[in-house]
Each structure stands twice: as structure tokens, then as C-alpha cells.
Amino acid sequence: MFERMTMNARMTVIRAQEVARELEHPWIGSEHLLLGLFRENCTPNALVRYGITADACQEALVAEVRGGAGLSATDTAALREFGILLPADTAPGPRQRRSLFGRRKAEPQEDPAAVRDRQLRQHLPFTLNGKRALEEAGDVPVSQGDSRIAPEHVLYGILAPEDEVIVRMFRRLGTEAKAVRAEALTDLVRYYAA
């Protein structure tokens, strides 16, 4: 899918990773992709018309995600299954191992801050909503007989009504994600008509 993206759409994903690291989130979600659109200076017109700014989005993201506590239950479960330690989590308990003579011996427990630091330096996984947003962004051009994925497609994918974090963020911004998504779709129709 990445190869079908325009340079601005690709850079949006890279900027989303930067945003996640700056916020010390060991994951990339649709909320980070939204801020990535602003960072790449390719803000779709639908956001501009609603008066949504990068600063306001970042404030809403921080308030709604709360270091991982505000993620959807499915994203939280998937990240934990993937081994990601969220800020609210404690480090995993000590594992038991056998010593040379068969006695069980506890391994030292790692500091949660050290675990998070290591996770932030490694590859950041996408949340289920982040993956879904990119998949949906890729589906729109295909349905229009095109192969390119532009930032407008990414915005459309981000604004899915089932994404709890995005819906809460837009309510905090004083609008409904569904309305902005409809506006983004109108822009895409114009994009393909031209």
C-alpha cells in the first residue's frame, strides 16, 4: 500500500510516527495520523473549512488518549498482546527460570520506564484503528478507478465513525467527525471529477 501513496501521504505516515514518539506513545494510531497531516503541511481542505488546527488537535489528542488510558478496548488489548507496555501498565512480573541444579530462580524485574524507552526506540506498531484508517484510505481510490492514495484519502480513512478516539477528539474540538468525513468525501468527489 505504501508504494501507492503520494509523497505527501507517505510523509504523513512518517510524521505520525514522529508525533507518537514525541508524545511518548509506543504505538501509531489514527490520532497520530491526523496530526501527521498537519505536520506535512498538506492539511486537507475539510479540516481547514471546519477551523481545525494542529495545536487544537494535539491538545484534544493528549486529553482524550491520556497516555493510553483513553484508547479503545480493542486497541488496548491488541497492543498488550503485541507486548506493548502502556504508561498505565506496570512491568511484567518476574519470570521463573531453572538454575543449573533445577531450583527455580526469579529473573530480575525490569523497570517500566526502561521498557517504555526501549519500545519508543523500536519500530512502533499501528493500532487496529490506525491500520483500518490506512486500509480504508487505500480502498477509496480503488473504488474510483485510481491507484494513488493522497492525504485526502488518509483523512477520509481516519474519520471512521467506529474510531472512538477520533470521535471523542472531534467532539472536544466542537464538531462531529462524521460531518468532517462527509466534507472530505465531497472533496474526494471533486478530486476525481477534475
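Parameters and conventions
- Residues numbered from 1 in each chain as written.
- Predicted model: local features only at pLDDT ≥ 70, side-chain atom pairs only at ≥ 80, totals over all residues.
- Heavy atoms only, no water.
- Phe/Tyr/Trp six-rings, centres within 6.5 Å; stacked < 30°, edge-to-face > 60°.
- Lys NZ or Arg CZ within 6 Å of the ring centre and 35° of its normal.
- Salt bridge = Lys/Arg side-chain N within 4 Å of Asp/Glu carboxyl O.
- Helix = DSSP H or I, 4+ residues; strand = E, 2+ residues; numbered from the N terminus.
- Buried < 20%, exposed > 50% of the residue type's maximum accessible area, 1.4 Å probe, protein only.
- Axes fitted to C-alpha atoms, helices over the stretch in contact; angles between N-to-C directions.
- Parallel < 35°, antiparallel > 145°, perpendicular 65-115°, else oblique.
- Left-handed = near helix turned anticlockwise from the far one by under 90°.
- Contact = heavy atoms within 4.5 Å.
- Nonpolar A, V, L, I, M, F, W, Y, C, P; charged D, E, K, R; others polar.

Right, let's talk about the packing of aromatic side chains for a bit. Overall, the coordinates contain zero aromatic pairs when judged by the stated rule. Stacked on the ring of Tyr156, the Lys or Arg Arg181 has its end atom at 3.9 Å from the ring centre.

Let us look at the pattern of salt bridges. Between side chains of opposite charge, a pair can form when the charged atoms approach closely. Going through the model one piece at a time under the given rule, you end up with 13 salt bridges. Between Arg15 and Glu18 there is a salt bridge, and its shortest N-O distance comes to 3.1 Å. Residue Arg15 and its partner Glu18 are located together in helix H1 (residues 7-22), separated by three residues, close to a single helical turn. Residue class for Glu18 comes out partly exposed when judged on its relative accessible area of 32%. One salt-bridge network, in which partners are shared between bridges, spans Arg132, Glu136, Glu162, Asp163 and Arg181.

Remark: helix H2 (residues 30-39) packs on helix H8 (residues 151-158), axes separated minimally by 10 Å, with the N-to-C direction vectors making an angle of 150 degrees. Here H8 runs roughly antiparallel to H2, going by the angle between their axes. Considering only the axes of H2 and H8, their crossing is left-handed. From H2, Ser30, Leu33, Leu34 and Leu37 reach across to H8, where they touch Pro151, Leu155 and Ile158. Residue composition of the contact of H2 with H8, by class: six nonpolar, one polar and no charged.

What follows covers H2. The buried fraction of H2 amounts to nine of the ten residues, a majority that puts the element mostly inside the structure. Burial in H2 covers these residues: Ser30, Glu31, His32, Leu33, Leu34, Leu35, Gly36, Leu37 and Phe38. A positive backbone phi angle near 55 degrees is found at Asn41, which sits one or two residues after H2.

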